[in-house]
Amino acid sequence: MAVRLSHRELDLPKIEIGRLLEIAAEHKEIISLGPGEPDFNMPDPLIEHVKKIANKCNHYSPPGGRHEFKEAIIKKLKKDNRIKAKPENIVVTCGSQEALLIASACTMDAGDEMLIPDPSFFAYLPTIELFNAAPIFVPVKEEEGFALNPDEVEKRIVPGKTKVLLINSPCNPTGTVLKKDILEELADIAVEHDLYIFSDEAYEKIIFDDAKHVSIGSLNGMENNAVSFFSFSKTHAMCGFRLGFCVCNQKLADAITKSHIYTTICAPTISQKLGTKALSLPSIHTNKMVSQYQRRVRFMLTRLNEMGLYCVEPKGAFYCFPNIQSVTKDSKKFAYDLLKKAKVAVVPGVDFGTNGEGHIRCSCATDIKLIEKAMDKLELYLKKVKKRRLR
Ligand SMILES: Cc1ncc(COP(=O)(O)O)c(C=O)c1O
C-alpha cells in the first residue's frame, strides 16, 4: 500500500530539536544544552510514594481527574496562584500539552485565529494547525526583554476571527516573566474583544531573584476568559508521569473533559496519586532545584555576555536565549556547525518562530560542570570562527 498521510500532518513544521537531541544522545562526547526537562530526579518522598502505590493503580480514574487530587489542586491554586476554582473548573490531563491541545480543539473552528508570541514554545503552532485554525504571530522584541507588547496584540485582533491569545510566562525559550501591569492590559484586551487567554504556566515556580509569577487567571474579570495550564513536569521533575491540568470556566471545562475522554480517557491513575502527594510536600524540594537553575543560568549568562553573545537576562524557566547575529543570522547552520566542530548541542532559535532566528536556546537543565565545559568550547569555537572570517 502507498503510505498516505493527511495534508494536515504533512503541513506540520519540521523542527531541528528532535534530530539534534538524537545526535547528541548517540555521541557521548557531545555536551547537550538541548534538554527541555529537568536533569534532577523527582524528590525522594515521591520516589518512596510511587513504590507504595504501584500495585493499587490498575484502574481508570474519573476522566476529569480524581476527587482528592482536584481538592489538592484547588488548595494549590488558591495559595500559589490566587485563582478561585471548584472541582468543575478543573480538568486533569496527560501533561499540560494534552490540555493545550484539547482546549484548542474545544475553542477553535477551522479558519479561526489564535495569537501566539514569536518566538515561543514550538508545540503551540502545531496545536493550532492540527485543527485547521490559523496561528497569528505577535513578535516579541529583544529590546523589550522579549515581553509581549499589548499594542502589538491588539493590532492583530480581527473581530469574529480571533478567538484566543496564548501567553507563556515564565517563557520557554526566552526566560521572560510577564509583569503584572502587562498582564492587566492583556486581560482588559481579552474582555474588550471577547477572547480567551490561554496561559501556559508550566514554569510557574522556576522564578529568579525579584521576579514574581502572576497568574492572569487571578486578575479581576478573568473568570470566564482565562484558561490556565499547569504542569508537574518542571516543578516536581515528573515529566515521565505525564501529568498536568487546566482550570477555566465550567462550560469549557466540561467540553475539555468530554474530548479528553475520546483521546486518553484519563490521566494515569498512578500519576494522579503521585500528584496529590507532590502537592502535599513542602516547597523546599522545588526550591532546591530552582536555586540550582538560578546558579546555572547566572553563570551561563555571564559567560555568554563575556564572549560577546548578548543575552536578555532570563527571569525564570531554565534557558538562555543568546543573540548570535555577530556570527551569523542562520541559527540552524550555527547549531549544526557548533555540534560538528565543538561537540556542543544547542537548539536553533528559528525552531521557536521566525523571530527567534539569529538566536540559539541553551538549556541549563544540565550539570554546572558540563555547562562550564560547554561554555569553554563555545568560546573557543567563536574565536576560531572569527579568525576564519579575518583570513
Ligand atoms: C512552555 C511549555 N509548555 C508546556 C510544556 C509541556 O509540558 P507537559 O510535560 O506538562 O506536557 C512544555 C514542555 O517542555 C513547555 O516548555
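Definitions and cut-offs
Residues numbered from 1 in each chain as written. Predicted model: local features only at pLDDT ≥ 70, side-chain atom pairs only at ≥ 80, totals over all residues. Heavy atoms only, no water. Patch = residues over 30% accessible without salt bridge, like charges linked within 9 Å, V, L, I, M, F, W, Y side chains within 5 Å. Areas by Shrake-Rupley, 256 points an atom, 1.4 Å probe, with all protein chains shown as cover. Salt bridge = Lys/Arg side-chain N within 4 Å of Asp/Glu carboxyl O. Lys, Arg positive; Asp, Glu negative; His and termini not counted. Charge placed at Lys NZ, Arg CZ, Asp CG, Glu CD. Helix = DSSP H or I, 4+ residues; strand = E, 2+ residues; numbered from the N terminus. Buried < 20%, exposed > 50% of the residue type's maximum accessible area, 1.4 Å probe, protein only. Polar contact = N/O pair within 3.5 Å; in protein donor to acceptor, adjacent residues only side chain to side chain. Contact = heavy atoms within 4.5 Å. Axes fitted to C-alpha atoms, helices over the stretch in contact; angles between N-to-C directions. Parallel < 35°, antiparallel > 145°, perpendicular 65-115°, else oblique. Left-handed = near helix turned anticlockwise from the far one by under 90°. Nonpolar A, V, L, I, M, F, W, Y, C, P; charged D, E, K, R; others polar. Near = heavy atom within 4 Å. Arc of directions from axis to C-beta. Domains from an automatic or database assignment. Buried area = accessible area lost by both parts, 1.4 Å probe. Core = buried A, V, L, I, M, F, W, Y, C linked by side-chain atoms within 4.5 Å. Pairing = 2+ DSSP bridges. Phe/Tyr/Trp six-rings, centres within 6.5 Å; stacked < 30°, edge-to-face > 60°.

**Re a negative patch on the surface**
Where like charges cluster on the molecular surface, the negative patch consists of Asp-151, Glu-154, Asp-181, Glu-184, Glu-185, Asp-188 and Glu-192. For the negative patch, the secondary structure elements donating two or more residues are α7 (150–155) and α8 (180–193). Per element, the largest residue contribution to the negative patch is five residues, and it comes from α8.

**Things to note about the side chain of Thr-176**
Within the secondary structure, Thr-176 is located in the loop between β5 (162–168) and α8. We classify Thr-176 as buried; its relative accessible area is 7%. Among the polar contacts made by the side chain of Thr-176, one reaches the main-chain carbonyl oxygen of Gly-145 at a distance of 2.8 Å. Of the polar contacts made by the side chain of Thr-176, one reaches the side chain of Thr-174; its length is 3.0 Å. Excluding anything up to four places from it in sequence, Thr-176 contacts Gly-145, Phe-146, Ala-147, Asn-168, Ser-169, Pro-170 and Cys-171.

**Describing the packing of helix α3 (residues 44–53) against helix α10 (residues 269–280)**
One way to put it is that α3 packs onto α10 with a least axis distance of 10 Å and a crossing angle of 140 degrees. Here α3 is positioned oblique relative to α10, judged by the angle of their axes. At the point where α3 passes α10, the crossing takes the right-handed sense. Taking contact as the criterion, the partners of Pro-45, Leu-46, His-49, Val-50 and Ile-53 in α3 are, on α10, Ile-270, Lys-273, Leu-274, Lys-277 and Ala-278. In the contact of α3 with α10, the residues fall into seven nonpolar, one polar and two charged.

**Focus on the site of the ligand**
Around the ligand sit 15 residues, and of these Ser-96, Asp-200, Ser-231, Ser-233 and Lys-234 come closest. Side-chain polar atom of Ser-231 to an oxygen atom of the ligand: 2.7 Å apart, as the coordinates give it. Contact distances for the ligand include 2.8 Å between an oxygen atom and a side-chain N or O atom of Arg-242. Look at the ligand: alone it shows 390 Å² of surface, and the protein chains cover 91% of it. If one sorts the elements of the shell around the ligand by residue count, helix α5 (residues 95–107) sits on top with three residues. Its residues placed into classes, the shell around the ligand shows four nonpolar, eight polar and three charged.

**Observations concerning α3**
What α3 keeps buried is the set Leu-46, His-49, Val-50 and Ile-53. End-on, the buried residues of α3 take up no more than an arc of 100 degrees, which puts them together on one face. Residues of α3 that are exposed and point over 90 degrees away from its buried face: Asp-44, Lys-51 and Lys-52. Looking at the packing, one finds that the buried side of α3 touches α10.

**Examining a positive patch on the surface**
A cluster of basic residues, Lys-383, Lys-384, Lys-387 and Arg-388, forms a positive patch at the surface. Take Lys-384: it is sitting in helix α13 (residues 368–390).

**Regarding the domain arrangement of the chain**
Accessible area lost when the parts come together is the quantity often used to give the size of an interface. Its domain assignment divides the chain into domain 1 (7–42 + 284–390) and domain 2 (57–280). Relative to domain 2, the C-alpha centre of domain 1 lies at a distance of 26 Å. Counting from both sides, the interface comprises 38 residues of domain 1 and, opposite them, 39 residues of domain 2. Taken over both partners, the interface formed by domain 1 and domain 2 buries close to 3,100 Å², and the fraction arising from carbon and sulfur atoms is 63%. The three residues of domain 1 that bury the most area against domain 2 are Met-42, Lys-315 and Phe-352, which together make up 20% of that side's buried surface. A salt bridge links Lys-315 to Asp-210, with the nearest nitrogen and oxygen atoms 3.7 Å apart. The interface formed by domain 1 and domain 2 contains 17 residue pairs in polar contact (both at pLDDT 80 or more). Top contributing element to the side of domain 1 that touches domain 2 by residue count: helix α11 (residues 284–306), with seven residues.

**Section: the nonpolar core**
In this structure, Leu-33, Leu-77, Ile-90, Met-300, Phe-334 and Leu-378 are the most contacted members of the largest nonpolar core, which totals 67 residues. Mapped onto the domain boundaries, this core takes at least three residues apiece from domain 1 (7–42 + 284–390) and domain 2 (57–280). In this structure Ile-90 touches Gly-64, Lys-70, Ile-73, Ile-74, Leu-77, Ala-85, Phe-245, Cys-246 and Val-247, once residues within four positions along its chain are discounted. Listed in part, the 29 residues of the second largest apolar core include Phe-146, Leu-148, Ile-167 and Leu-178.

**Considerations on the sheet that holds strand β4 (residues 134–139)**
Across a sheet, strands are paired by hydrogen bonds formed along the backbone, either parallel or antiparallel in direction. Spatially, the seven strands line up as an open sheet ordered β2-β8-β7-β6-β5-β3-β4, and their pairing is mixed. The sheet is open, and its two borders are formed by β2 (90–93) and β4, each paired with just one other strand. Here the strands of the sheet are splayed against their neighbours by 20 degrees on average, with no regard to which way each runs. Here strand β6 (residues 196–200) pairs with strand β7 (residues 226–231) via four bridges, running parallel. Bridge pairing links Asp-200 to Phe-229 in β7.

**Comments concerning the packing of aromatic side chains**
What the rule picks out here adds up to 16 aromatic pairs. Centroid distance Phe-121 to Tyr-124: 5.5 Å. Interplanar angle 90 degrees. Geometry classified as edge-to-face. When the centroid spacing of 5.2 Å and the interplanar angle of 20 degrees are considered together, the rings of Phe-230 and Phe-245 count as stacked. Separated by 15 residues along the polypeptide, Phe-230 in strand β7 and Phe-245 in strand β8 (residues 244–247) bring together distant segments of the chain. Taking relative accessible area as the criterion, Phe-245 reaches 1% and is therefore assigned buried. Connected via pairs of aromatic rings, a cluster forms that spans Phe-121, Phe-122, Tyr-124, Phe-146, Phe-321 and Phe-352.

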